[in-house]
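Structural overview
So the chains spell out like this:
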Amino acid sequence: MIRTLAKKELHTLFVSPSTWWMLALLQFIFAWFYLARMDDYLQVQAQLAQMDSAPGATISIAAPLASVLAIVLMMLIPLFTMRLIAEERRNQTWILLTTAPISATDIVLGKFFGLLAMLSIIIAACAVMVCSLALGTHADFGLIAGNILGVWLLAASYAALGLFFSSLTRQPVVAAFGALAVSFGLWMLEMSSGVVRVLSPNVHFQNLNVGLISTADIIYFALFITGFLLVSIERIRRERGGV
Amino acid sequence: MASPTTLSAHNLTRFHGGRSVVTDVSLELHRGEVLGLLGHNGAGKSTTLQMLAGALTPNSGRVEVCDFDIARKPALAKACLGFLPEHPPLYKDMRVDDYLTFAAKLHRVLPAQLTEYLNLAKQRCGLTDCGKKLIGTLSKGYQQRVGIAQAIIHQPAVVILDEPTVGLDPTQIRDIRELIRELGNNSSVILSTHLLHEVENICDRALILQQGKVIFNDTTDELRRHSDIESSFIRLTAMPTEGATK
């Protein structure tokens, strides 16, 4: 059932021209940024060559690209998540799901995985671009993998957060702004000092960004995603008045 | 009655903003029966139907579909239900075939039966030639038909239709009435409507709601007994209900 719902979400995303425009535009921005970083790197390459343990091409090009991807996704994902539940409520199609013999868990997970599949496509396209570094130099695939994993986990976290806000309201715009505000707030936490800092997904992303894959970060993301999915399920379950 | 009960509601009450919209509504529906739900605008027809379909939880009372309590065993109860809400829940950017297949899968139709059920539902609703069309490009009447097809595709025991003939032209209305009568052979149908002769033509029983209360619940013959159905309806709804407030 989750698969049926996820496939439907993916289908809905890909029949809308705006999705294709967005994908094309993103790819253009990333390519631009990638080439710009590449240029910068080539300019300073001669000086770097004289240094001991100079930063390699991967950390100079791939890692900043992943950070840009992370920020762009943070701003973009609320626009997708607002459609998942809030817009269905407004379009009065939500009732089809609530009167169907499926559980709130099916609905939430179906929508989550549908969106995640689409986000994975964006990330994969970016990954292929970064892997093209290997054509010209010795690319650090471990670092690239860490970055991809980081961006993917971050995207999944924002998707779960956005889904929760979408489940709260029937106004897509409210859902989008709510999710964006909280994502932004969490991002700002990164600049603070002290204990609250660890609450920010970006802090955990940064470890992966420099190639440090630690269990603590993975657990943080897993908790973040499961937590928001669980409260969304609970919210829908209560709304349906079900057990 | 000999035929088994497929849908029963006991003392449904629903408040909205501190005011009761539906008060103490009980009804029973048997297999092969078509029940018409009548009432003025705002009498609580849609609210009642939504509670029967499990889209809205009653503040008190309970609903049983095919002997399953809809609040306790929602998956089993809802699998026996087909529901067309007031606004058909259509995804405008999907094709008719894709949408109906999705609706069938949601209602747990087995993959092996999908094509058969899809073709049958399309044929019954006169949608055979529209399978590849986008729902958003269809006219209101055709969208309504897709909405009905969505409600009957999994061949449920109980079909709930909220104003199924709104927006249809006279020929389509006739077709849909025939379809409802046909559905009434194997399943139970409950529909709400404003059209009195619709009730007269296709319903075995009628239930009239006035300000959220049941004021009439009997066969259509009974409604017709004294005078024609229209004057009976007007006479019944003109009587002040107990404790009614404007």
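Residues numbered from 1 in each chain as written. Chains lettered and ligands numbered in written order. Predicted model: local features only at pLDDT ≥ 70, side-chain atom pairs only at ≥ 80, totals over all residues. Heavy atoms only, no water.

1. Structural notes on the sheet that holds strand E3 (residues 34-39) of chain B
All names here are of chain B. To keep it simple, the criterion reads: In short, DSSP must find at least two bridges between two strands for them to pair. Strands here mean DSSP runs of E at least two residues long; helices mean DSSP runs of H or I at least four residues long; both are numbered from the N terminus. Here an angle of 0 to 180 degrees is reported between the N-to-C directions of two axes, which are lines fitted to C-alpha atoms, with helices fitted over the stretch in contact. Any two residues whose heavy atoms approach within 4.5 Å at even a single point are treated as in contact.
Spatially, the six strands line up as an open sheet ordered E6-E7-E8-E3-E9-E10, and their pairing is mixed. The strands lining the two open edges of the sheet, one partner per strand, are strand E6 (81-84) and strand E10 (213-219). Taken pair by pair, the neighbouring strands of this sheet meet at an average axis angle of 15°, ignoring direction. Two strands pair when backbone bridges link them, and strand E7 (residues 158-162) and strand E8 (residues 188-192) are joined in this way by five bridges, in the parallel orientation. Across the sheet, residue Asp162 finds its bridge partner in E8, namely Ser192. Most of the contacts of helix H9 (residues 229-238) go to strand E9 (residues 205-210), to which it runs at about 35°, and overall it touches E3, E9 and E10.

2. What about the sheet that holds strand E1 (residues 5-16) of chain B?
Residue and element names in this part refer to chain B. Taken together, four strands build an open sheet; the order of strands is E2-E1-E4-E5 and the sheet is antiparallel. A single partner strand is all that each edge strand has here, and the edge strands are strand E2 (19-30) and strand E5 (68-69). Bridge analysis of E1 against strand E4 (residues 60-65) gives five bridges, and the strand direction is antiparallel. Each bridged residue has a counterpart across the sheet, and for Thr13 the counterpart in E4 is Ser60. The strands touched by helix H1 (residues 45-53) are E1, E2 and E4; relative to E1, the strand with the most contacts, the crossing angle is about 125°.

3. Here's the deal with unusual backbone geometry
Residue and element names in this part refer to chain B. What counts is decided by this rule: A 1.4 Å probe rolled over the protein chains alone gives each residue an accessible area, and that area as a share of the maximum for its type sets the label: buried under 20%, exposed over 50%, partly exposed in between.
Positioned with a positive phi, Asp24 is a non-glycine residue whose angle comes to about 55°. Inspection of the secondary structure puts Asp24 in strand E2. Residue classification places Asp24 among the partly exposed residues on the basis of a relative accessible area of 46%. With a phi angle near 60°, Arg108 is a residue other than glycine that sits in the positive phi range. Considering the arrangement of structural elements, one finds Arg108 in the loop between helix H3 (96-106) and helix H4 (114-124).

4. Considering the domain arrangement of chain B
Frequently, the measure chosen for interface size is the accessible area removed from exposure when the parts meet. Residue and element names in this part refer to chain B. This is how the line gets drawn: All the domain ranges listed were derived from an automatic or database domain assignment. A simple way to read buried area is as the amount of 1.4 Å-probe accessible surface that goes missing from two parts once joined, with both sides added. Each salt bridge in this description consists of a side-chain nitrogen of Lys or Arg and a carboxyl oxygen of Asp or Glu lying within 4 Å of one another. In protein, a polar contact means a hydrogen-donor-capable atom and an acceptor-capable atom, both N or O and within 3.5 Å, with residues adjacent in sequence counting only if both atoms are side-chain atoms; elsewhere, any N or O pair within 3.5 Å suffices. Amino acids are sorted into nonpolar (Ala, Val, Leu, Ile, Met, Phe, Trp, Tyr, Cys and Pro), charged (Asp, Glu, Lys and Arg) and polar (every other residue, Gly among them).
The assigned domain composition of chain B is domain 1 (1-80 + 158-246) and domain 2 (88-155). When each unit is reduced to the centre of its C-alpha atoms, the spacing between domain 1 and domain 2 is 24 Å. Interface area, domain 1 with domain 2, both sides summed: about 1100 Å², of which 61% is carbon and sulfur. Among the residues domain 1 hides against domain 2, the three largest losses belong to Gln172, Leu179 and Leu183. Together they make up 32% of the total. At the junction of domain 1 with domain 2, the criterion picks out one salt bridge. Two residues, Glu182 and Arg124, come together in a salt bridge whose shortest N-O distance is 3.3 Å. At the junction of domain 1 and domain 2, the tally comes to three residue pairs in polar contact (both at pLDDT 80 or more). For the side of domain 1 that touches domain 2, the secondary structure elements donating two or more residues are helix H2 (74-79), E7 and helix H6 (170-186). When residues in the side of domain 1 that touches domain 2 are grouped by element, the largest group, five residues, is from H6. A class-by-class count of the residues in the side of domain 1 that touches domain 2 yields nine nonpolar, two polar and three charged.

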